[in-house]
Structures are given as C-alpha cells and as structure tokens.
Amino acid sequence: CQVVALLLDTMNGLWEERAEDASVRFPLEVARRGIEADISTAKASVDIDRNKIMNYITGQPSRREKPPEEHPQYTRLNNVINAIFASAELYRVCAEAREGCGIVVAALIALRADPNKFVNSSGDTALSAAVGDADGSRAVGGTPLPVDESAEKRRVDLV
C-alpha cells in the first residue's frame, strides 16, 4: 500500500508535512537531495524535451537547439529549489543531532534555511528539535529522547 506524503506550501512562508496516513512522514532524504539539486544536470527521457525545458528556463524561445551548459537562470532556479528544501533538511539534521552537525547547520542557514519554516505533522520545527523540551529532554515526533552528556554536547554544537 503506497501512501502520499508531501511538503505543503501554506502560502504564509511555511512548509508543512502532510500525508494521507498520520503515521507516515515526508521522506527527509528528499530534502537532502533537494538541497543538492542542480538544474543544469537535469535529464529528460527525450533530448528534445530537455532542450525545450532548459531553453524555456533561460528565457529563450522554446527551441530544439542545445541549451547553454551554464546560465544565470539555472543558478536562480537552483537557489529557489535549494532554499525550499533547506529548512526541511535543517529539521532532519537537528532531529538527528549527530556529532559535528553544527557545520551542516551553518551551511544550511547560508542556503536560507529557516529553523521555523518546516513543520512536521507533530508540529515540530528544526528549532524545537534542536532545543528540546523545557525539561531538557528532546521530544522529536512526539517521542521523548533521554538527555545524556552527548545529547547536551550536541545541543551546544548547534548554537
């Protein structure tokens, strides 16, 4: 049985996780891949279609001719795609809180990731994942995680 899960643009600057089944989460691996998207390397099943799409992106008439390998419009579109997924990836990184994740968090912030922009179906954001609950435990996805010295050290790395 396949279940649809997606990121919904709430039109107020937020992206919310939605799924047909409440127990299903948006696959955050998609977010990691989204921050690595490079439109100039996109493929299509038919070369003529790729040429038309890439030429459209560059603002050239829809032609069958080979599009430029590099173009400022590719960079602009990459930036938009990367920024959309950066906040979801920030959530994933903060929720996992692995050693050294502060470097990844800084890189995501540079991509314009917002710690409050991605909201999962439990209402958690990257900020709530990084900070944890008032009692000092981390409760990501409604599951409290025990605080230990390594968790406390990871939380410090995020700041």
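See the structure printed just above.
Note that the structure is a prediction, hence the values are computed from the model and not measured. (Residues numbered from 1 in each chain as written. Predicted model: local features only at pLDDT ≥ 70, side-chain atom pairs only at ≥ 80, totals over all residues. Heavy atoms only, no water.)

Participant: Is there a simple way to explain the overall build of the chain in this structure?
Facilitator: Scanning the chain from terminus to terminus reveals six helices and five strands. When the helices and strands of the chain are listed from N to C terminus, the series reads β-β-α-α-α-α-β-α-β-β-α. Burial status across the chain gives 33% buried among its 159 residues. Within the chain, counting contacts between residues at least 6 apart in sequence, those at least 24 apart form 48% of the total. Per element, the accessible surface of the chain, about 9,800 Å² overall, is 56% carbon and sulfur. (Helix = DSSP H or I, 4+ residues; strand = E, 2+ residues; numbered from the N terminus. Buried < 20%, exposed > 50% of the residue type's maximum accessible area, 1.4 Å probe, protein only. Contact = heavy atoms within 4.5 Å. Areas by Shrake-Rupley, 256 points an atom, 1.4 Å probe, with all protein chains shown as cover.)

Participant: I tried to follow helix H4 (residues 101-110) on my own but got confused; where do I start?
Facilitator: It helps to recall that an α-helix has 3.6 residues per turn; residues three or four apart then point in one direction. Inspection of H4 places Cys-101, Val-105 and Leu-108 among the buried residues, and these make up the whole buried set. Looking down the long axis of H4, one finds its buried residues gathered within 65° of arc, a one-sided arrangement. Those residues of H4 that are exposed and aimed more than 90 degrees away from the buried face are Ile-103 and Ala-110. Downstream of H4 by one or two residues, Arg-112 has phi in the positive range, about 80°. (Arc of directions from axis to C-beta.)

Participant: Can you walk me through helix H3 (residues 72-96) in this structure?
Facilitator: For H3, which comprises 25 residues, the first-to-last C-alpha distance of 35 Å matches the rise-based estimate of 36 Å (1.5 Å per residue) to within 8%. Within two residues after H3, Ala-97 carries a phi angle of roughly 45°, on the positive side. (Expected span 1.5 Å × (residues − 1).)

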